[in-house]
Amino acid sequence: MSADLVILLILIVLAAAIAVSTVVALYTRRKNKLPARPTAEVEAPEPEKKAPEPEAPEPEAETPEPEPAAPAVVEAPALEEPEAPASRMARLRRRLAGSNNALARGLAQLLSADRIDDDTWDDFETTLITSDLGVAPTTELVEKLRGELAIDGVSDPERARSVLTRELTALVSPDLDRSLNLDHPDGKPAVVMMVGVNGTGKTTTCGKLARVLVAEGRTVLLGAADTFRAAAGEQLETWGERVGVRTVRKEEGADPASVAYEAVEAGIEEGVDVVLVDTAGRLHTKTGLMDELGKVKRVIEKLAPVSEVLLVLDATTGQNGLIQARIFSEVVDVSGIVLSKLDGSAKGGIVVQVQRELGVPVKLIGLGEGADDLAPFEPDQFVAGLMGE
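Computed from a predicted structure; not experimentally measured.

Turning next to the sheet that holds strand 1 (residues 190-195). A sheet is described by the order of its strands in space; here eight strands give the open sequence 3-2-4-1-5-6-7-8, paired in mixed fashion. Only two strands of the sheet have a single partner each, and these edge strands are strand 3 (246-248) and strand 8 (374-376). For this sheet the average axis-to-axis angle between neighbouring strands, irrespective of direction, equals 25 degrees. Direction of pairing for strand 1 relative to strand 5 (residues 306-314): parallel, over a ladder of five bridges. Looking at the pairing, M194 lines up with L310 of strand 5. Seen against the sheet, helix 8 (residues 232-242) touches strand 2 (220-225), strand 3 and strand 4 (274-279) and runs at an angle of roughly 170 degrees to strand 2.

Listed below in structure tokens is the structure:
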């Protein structure tokens with residue numbers, strides 16, 4: 001091989017070596033300039049959690065039984081305090097004195113007359129008759145007054161007033177026993193039956209009488225035996241609740257005698273002083289209904305005697321009230337009269353006439369619509385009211 005060829009080969013090898021080294025250098029420089037590529041972090045798998053070994057069960061403690069919840073306390077409505085009976089008649093007397101009562105008006109006209117002549121006496125007599133005093137009592141009163149007072153005038157007005165007061169009081173029969181028979185021997189309550197026709201205020205009077213008895217310190221139970229009139233039992237129960245008195249009642253249309261029997265039976269068990277039985281407002285013209293009223297009384301007497309039968313009369317009904325009084329008295333032996341509505345247009349003379357008709361006293365009177373507008377009847381106070389005193 002020639003020397004030239006050898007030299008050429010050497011040159012080629014050198015050139016190739018230089019080229020390779022140049023490429024390597026360039027690559028190395030470029031590699032150093034580029035940021036290093038992050039290597040992916042491989043998260044080590046979390047070690048598998050072992051389930052906790054079950055602990056040995058502790059012995060169960062005895063669970064105390066829950067205490068029963070205390071019942072909700074329902075506050076009872078405040079009870080009313082009825083007015084004492086002693087002060088009622090004085091208050092009612094003042095109301096009677098200020099009313100437009102026909103009898104009171106006639107008395108005032110007589111006393112204010114300058115001269116009492118025959119015409120004056122005639123007018124006075126007419127006024128008394130129209131006040132439901134009745135013909136016989138009127139004639140009796142006028143004759144006594146004419147014998148006491150001078151015909152030619154009243155020289156002494158105070159004397160005239162005194163004479164009139166005395167004679168009128170005598171007509172009202174002040175000697176009659178007007179007390180309620182509320183004795184209850186042998187541990188049984190006194191039983192009071194309230195009777196009367198519809199519209200006389202019988203149920204209301206029964207509720208008011210309960211207030212009078214409570215004010216006297218007696219324990220009372222009500223029997224709602226008026227089962228024919230809608231809401232009569234509810235009305236009576238409302239009256240009782242106001243003064244803390246319980247009412248025995250049944251559904252509308254129930255047998256009145258059975259209600260009365262249960263009321264008296266409950267009164268015996270509870271040891272109350274008085275059982276007030278409100279009976280149905282019978283029409284005195286209905287014979288069958290009046291007979292049933294007698295049945296109620298007989299059923300009650302299987303348990304306890306009936307102490308009082310109080311007939312409630314509307315004082316404004318006049319002669320019709322007297323007819324009612326006669327028939328009721330024949331059926332149930334009325335022992336006392338309660339005159340309701342004895343104010344305004346009422347005719348006070350009915351007090352005298354009904355007592356003479358039945359031979360039983362007026363024991364209670366009602367003046368006004370107030371809860372305590374029922375009072376024991378006192379003749380002196382009644383006449384004083386009529387006289388405007």
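Looking now at the side chain of R178. Along the chain, R178 falls in the loop between helix 6 (157-171) and strand 1. Within the buried core, R178 has no salt-bridge partner, and the shortest N-O distance to an opposite charge, that of D177, equals 8.0 Å. At 2.6 Å, the side chain of R178 forms a polar contact with the backbone oxygen of S173. A polar atom in the side chain of R178 sits 2.6 Å from the side chain of Q355. In contact with R178, other than residues within four places in its own chain, are V172, S173, Q355, P361, V362, K363, F377 and P379.

Okay, unusual backbone geometry next. Positive phi, close to 60 degrees, is recorded for S173, a residue that is not glycine. Along the polypeptide, S173 turns up in the loop between helix 6 and strand 1. Using a relative accessible area of 24% as the deciding quantity, one classes S173 as partly exposed. Unlike most non-glycine residues, D333 shows phi in positive territory, near 55 degrees. For D333, the location among the structural elements is in the loop between helix 11 (319-332) and strand 6 (336-340).

Before going further, it helps to examine the nonpolar core. Ranked by internal contacts, the top residues of the largest apolar core, which has 71 residues, are F124, I300, I337, L339 and F382. Ranked by residue count, the leading element in this core is helix 9 (residues 256-270), at six residues. With sequence-adjacent residues up to four places away left out, I337 is seen in contact with L311, L313, V354, L358, V360, P361, V362, K363 and L364. Ranked by size, the runner-up nonpolar core spans 22 residues in total, among them V212, L276, L310 and L364.

Turning to helix 9, a few remarks are in order. Here helix 9 contains 15 residues, and its C-alpha end-to-end distance of 21 Å stays within 8% of the 21 Å for a straight helix at 1.5 Å per residue. Those residues of helix 9 that sit buried are P256, A257, V259, A260, A263, V264, A266 and G267. G271, located one to two residues past helix 9, shows a positive phi value of around 70 degrees.

This brings us to the layout of surface pockets. In this structure, the largest pocket occupies an estimated 170 Å³ of space. As for the largest pocket, its lining consists of 14 residues, of which T204, K208, S340, K341 and G368 are closest to the centre. Every element with two or more residues in the lining of the largest pocket is listed here: helix 7 (202-215) and strand 6. Class assignment for the residues of the lining of the largest pocket results in three nonpolar, seven polar and four charged.

Here is what the cut-offs are and how they apply
- Residues numbered from 1 in each chain as written.
- Predicted model: local features only at pLDDT ≥ 70, side-chain atom pairs only at ≥ 80, totals over all residues.
- Heavy atoms only, no water.
- Pairing = 2+ DSSP bridges.
- Helix = DSSP H or I, 4+ residues; strand = E, 2+ residues; numbered from the N terminus.
- Axes fitted to C-alpha atoms, helices over the stretch in contact; angles between N-to-C directions.
- Contact = heavy atoms within 4.5 Å.
- Buried < 20%, exposed > 50% of the residue type's maximum accessible area, 1.4 Å probe, protein only.
- Lys, Arg positive; Asp, Glu negative; His and termini not counted.
- Salt bridge = Lys/Arg side-chain N within 4 Å of Asp/Glu carboxyl O.
- Polar contact = N/O pair within 3.5 Å; in protein donor to acceptor, adjacent residues only side chain to side chain.
- Core = buried A, V, L, I, M, F, W, Y, C linked by side-chain atoms within 4.5 Å.
- Expected span 1.5 Å × (residues − 1).
- 1 Å grid on protein atoms, 1.4 Å probe; cavity = no way out; pocket = protein on both sides within 12 Å on 5 of 7 lines; lining within 4 Å.
- Points joined across faces, edges and corners; volume = space filled by probe spheres on them.
- Nonpolar A, V, L, I, M, F, W, Y, C, P; charged D, E, K, R; others polar.

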